[in-house]
Amino acid sequence: MAVPKRKLSRSRTRHRKAQWLKTAAPTVTTCARCKAPTRPHTVCGTCGTYGGRVVTEPSA
């Protein structure tokens, strides 16, 4: 395993970790059938449809 030659300063480490806060929130779309909020290109968790047809059993 690689070992760093020098210790990184606090400012350099914190500057790198601060980038995680700048990530955008995931996009949300509405299901065409039940109008529930879902992620795009995924099966709806409420009614179980994808692309206008039932793919999985709807959750209760």
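Residues numbered from 1 in each chain as written. Predicted model: local features only at pLDDT ≥ 70, side-chain atom pairs only at ≥ 80, totals over all residues. Heavy atoms only, no water.

Some remarks on the overall build of the chain
Consideration 1: Across its full length, the chain holds 1 helix and 4 strands.
Consideration 2: For the chain, the N- to C-terminal ordering of α and β elements is α-β-β-β-β.
Consideration 3: Its C-alpha radius of gyration of 21 Å places the chain more than 25% over the 10 Å reference for a compact globule of 60 residues.
Consideration 4: Overall, the chain is about 55 × 25 × 20 Å in size when its C-alpha atoms are taken along their principal axes.
Consideration 5: Here the chain, with 60 residues, has 13% of them falling under the buried criterion.
Consideration 6: Restricting the contact set of the chain to residue pairs at least 6 apart, pairs at least 24 apart contribute 0%.
Consideration 7: Total accessible area computed for the chain in this model is approximately 5,900 Å², and 58% of it derives from carbon and sulfur atoms. (Helix = DSSP H or I, 4+ residues; strand = E, 2+ residues; numbered from the N terminus. Rg over C-alpha atoms; globule rule 2.2 N^0.38 Å. Buried < 20%, exposed > 50% of the residue type's maximum accessible area, 1.4 Å probe, protein only. Contact = heavy atoms within 4.5 Å. Areas by Shrake-Rupley, 256 points an atom, 1.4 Å probe, with all protein chains shown as cover.)

As for a nonpolar patch on the surface
Consideration 1: The grouping of Val 43, Tyr 50 and Val 55 at the surface amounts to a nonpolar patch, some 250 Å² of accessible area in total.
Consideration 2: Counting through the fold element by element, Val 55 comes out in the segment after strand E4 (53–54). (Patch = residues over 30% accessible without salt bridge, like charges linked within 9 Å, V, L, I, M, F, W, Y side chains within 5 Å. Salt bridge = Lys/Arg side-chain N within 4 Å of Asp/Glu carboxyl O.)

Regarding the environment of Thr 30
Consideration 1: Within the fold, Thr 30 resides in strand E1 (residues 29–30).
Consideration 2: Each C-alpha atom, one on Thr 30 and one on Gly 48, is 13 Å from the other, the two residues being 18 residues apart in sequence.
Consideration 3: Leave out the neighbours within four places in its chain, and Thr 30 touches Lys 35, Ala 36 and Thr 38.

Some details on the side chain of Thr 38
Consideration 1: As for its position among the elements, Thr 38 is in strand E2 (residues 37–38).
Consideration 2: Given a relative accessible area of 14%, Thr 38 falls into the buried group.

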